[in-house]
Each structure stands twice: as structure tokens, then as C-alpha cells.
Amino acid sequence: MELRTYILIDTMQPQYAALTGKMLDGDVPVQGMAEIFMELAPASDVYEVLDAALKSTEVRPGLLRLEREFGTLEIHGFFQEAVQVAGQEALARNGLAEGDRIKPEVVSAKMVTGVDPYEAQLVNRKSYGGLLLAGQTLCVIEVSPAAYVVLAANEAEKAANITLVNYSPSGRYGRLLIAGTESDVRVGRDAAVQAVNSLSGKTR
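What comes next concerns the included structure. Counting starts from 1 at the beginning of each chain's written sequence and moves along it residue by residue. Per-residue local features are limited, in this predicted model, to residues with pLDDT of at least 70; the limit for side-chain atom pairs, both in listing and counting, is 80 or more; totals at the level of whole chains, interfaces and linings are taken over all residues. Where side-chain values are given, they derive from all heavy atoms of the structure, hydrogens and water being excluded.

Once that is clear, we can look at the environment of methionine 23. Each helix corresponds to a stretch of at least 4 residues labelled H or I by DSSP, and each strand to a stretch of at least 2 residues labelled E; elements are numbered beginning at the N terminus. In this structure, methionine 23 sits in helix H1 (residues 14–23). Between the C-alpha atom of methionine 23 and that of isoleucine 7, which follows or precedes it by 16 residues, the distance is 17 Å. Other than its neighbours up to four places away in sequence, methionine 23 contacts Arg65, Tyr167 and Pro169. Contact criterion: two residues are considered in contact whenever any of their non-hydrogen atoms come within 4.5 Å of each other.

Another point: the packing of helix H2 (residues 46–54) against helix H3 (residues 80–93). Only the stretch in contact is used when a helix axis is fitted, and all axes are lines through C-alpha atoms; the angle between N-to-C directions ranges over 0 to 180 degrees. Look at H2 against H3: their axes get within 8 Å of each other, and the N-to-C directions meet at 135°. Relative to H3, H2 is oriented oblique. The chirality of how H2 crosses H3 is right-handed. Each of Val49, Ala52 and Ala53 in H2 lies in contact with H3, whose residues at this interface are Ala86, Ala90 and Arg93. An angle counts as roughly parallel when it lies under 35 degrees, as roughly antiparallel when it exceeds 145, as roughly perpendicular when it falls between 65 and 115, and as oblique in every other case. Note on convention: the crossing is left-handed when the near helix lies turned anticlockwise from the far helix by less than a right angle, right-handed when the turn is clockwise.

Note on sheets: strands pair through backbone hydrogen bonds, and any given pair is parallel or antiparallel. Strand pairing follows a simple DSSP-based rule, namely that at least 2 bridges must link the two strands. Across the sheet, which stays open at both edges, the four strands sit in the order E1-E2-E4-E3 with antiparallel pairing between neighbours. Strands at the two margins of the open sheet, each flanked by one partner only, are strand E1 (2–9) and strand E3 (60–66). Within the sheet, the average angular offset between the axes of one strand and its neighbour, ignoring direction, is 10°. Sheet topology note: the strand E2 (residues 34–41)/strand E4 (residues 71–77) ladder contains seven bridges and is antiparallel. For methionine 38, the partnering residue across the bridge sits in E4 and is leucine 73. H3 contacts E1, E2 and E4 of the sheet and is inclined by roughly 15° relative to E2. In this fold helix H5 (residues 149–159) packs onto E1 and E2, with an angle of close to 15° to the strand it touches most, E1.

Everything listed is a geometric property; what it means functionally is a separate question.
As C-alpha cells, then:
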């Protein structure tokens with residue numbers, strides 16, 4: 001069993017919680033909850049890990065997803081300690097620890113200032129979060145493994161007055177789109193990058 005990602009969200013921010021709730025298949029999280037995302041390989045191992053997490057403490061399952069190579073799960077709850085215990089117990093019962101995760105990497109962090117209205121409309125057609133407005137600054141952050149983008153999204157919102165336009169936590173790279181004034185987006189970008197880079201883990 002390989003632990004690709006293990007992410008603790010300490011306090012879900014308003015936009016992040018709303019967008020995450022829209023994207024998850026199971027129990028809906030709300031603002032203020034704590035959350036853990038995990039990605040494992042082989043994909044079917046996700047069943048055992050989620051079962052162990054749910055039997056450990058009072059947490060709610062938001063996601064159980066199998067892709068070709070990886071399985072992803074999400075759990076959440078109002079009490080951060082309970083969520084942490086569930087995550088740690090689930091790992092321990094399957095011979096894993098948080099330090100076994102892959103150390104994330106920020107692959108790209110690009111800013112576009114004064115976004116053209118036509119580009120803004122194209123971005124909005126494929127987003128699930130807030131709207132990118134003409135003239136705003138757009139930042140696109142890419143991380144690997146992909147699921148670590150959830151931490152980037154929450155920390156960007158926590159640090160600055162930005163609009164969370166969209167995030168995608170699956171595939172080869174996770175992508176986060178945030179928008180706002182140039183100064184706010186810069187602060188959000190820096191917070192997101194630092195949060196991802198500060199995580200420990202195994203190098204590939």
C-alpha cells in the first residue's frame with residue numbers, strides 16, 4: 001500500500017467548504033469543519049482505510065473514489081482532534097504513518113493581471129466556484145500529487161480576500177484558480193505555495 005497524499009485541513013474556510021461540498025459525493029461538509037484527504041495506491045486499498053477511519057472516531061465520509069491507479073477518500077467533522085485521530089488510526093491499522101506520504105511539489109504558480117473579459121468568460125464556463133471578473137488578476141497554481149491542491153485552496157482563502165474560482169484535485173497535477181486584486185492574489189498565492197512546500201514526506 002502506498003500513501004500518496006495525506007492532508008489535514010484544520011479549519012475549512014467559507015468558499016473552500018462551499019466548493020468542496022459541491023464537489024463531494026457523500027456527506028456534505030460545512031465551514032469550520034476539519035478535514036482529511038488521502039490518496040492511496042493500489043486504488044482498492046481505499047476501502048480498508050476509509051472503513052478504519054470511520055470506526056475510529058465520530059467523523060463523516062465525504063468521498064470514496066477509485067480511479068485507474070489511485071483511490072481517494074475524504075473525511076470531516078467539527079472536532080479537529082477527532083478527525084486527526086481517525087486519520088492516524090486508519091493509517092496505523094494499515095501499517096502506514098503520515099510521514100509515508102509523498103512530499104508535494106508546487107509545479108507552477110502563474111499570475112495573469114487585468115484579465116481580458118473574453119478569457120474571464122471562458123474560465124467561468126468551466127469553474128464550480130466564484131466568478132472571475134474582467135480586469136481582475138487570476139492565479140493558477142499546479143501541484144503534484146494532485147490532491148495537495150486542497151490545502152493550497154484553503155490556505156489561499158485563509159490568507160487573503162480572494163475569490164476561489166475552482167480547484168481540481170485529481171489527475172497528474174492538481175490545479176487551483178484564485179482571483180481578485182493583484183495584491184490580494186499575490187498574498188493568497190504565497191500562502192498557498194508555502195503551505196504546500198512546508199509539508200514533509202518522502203521524495204520521489
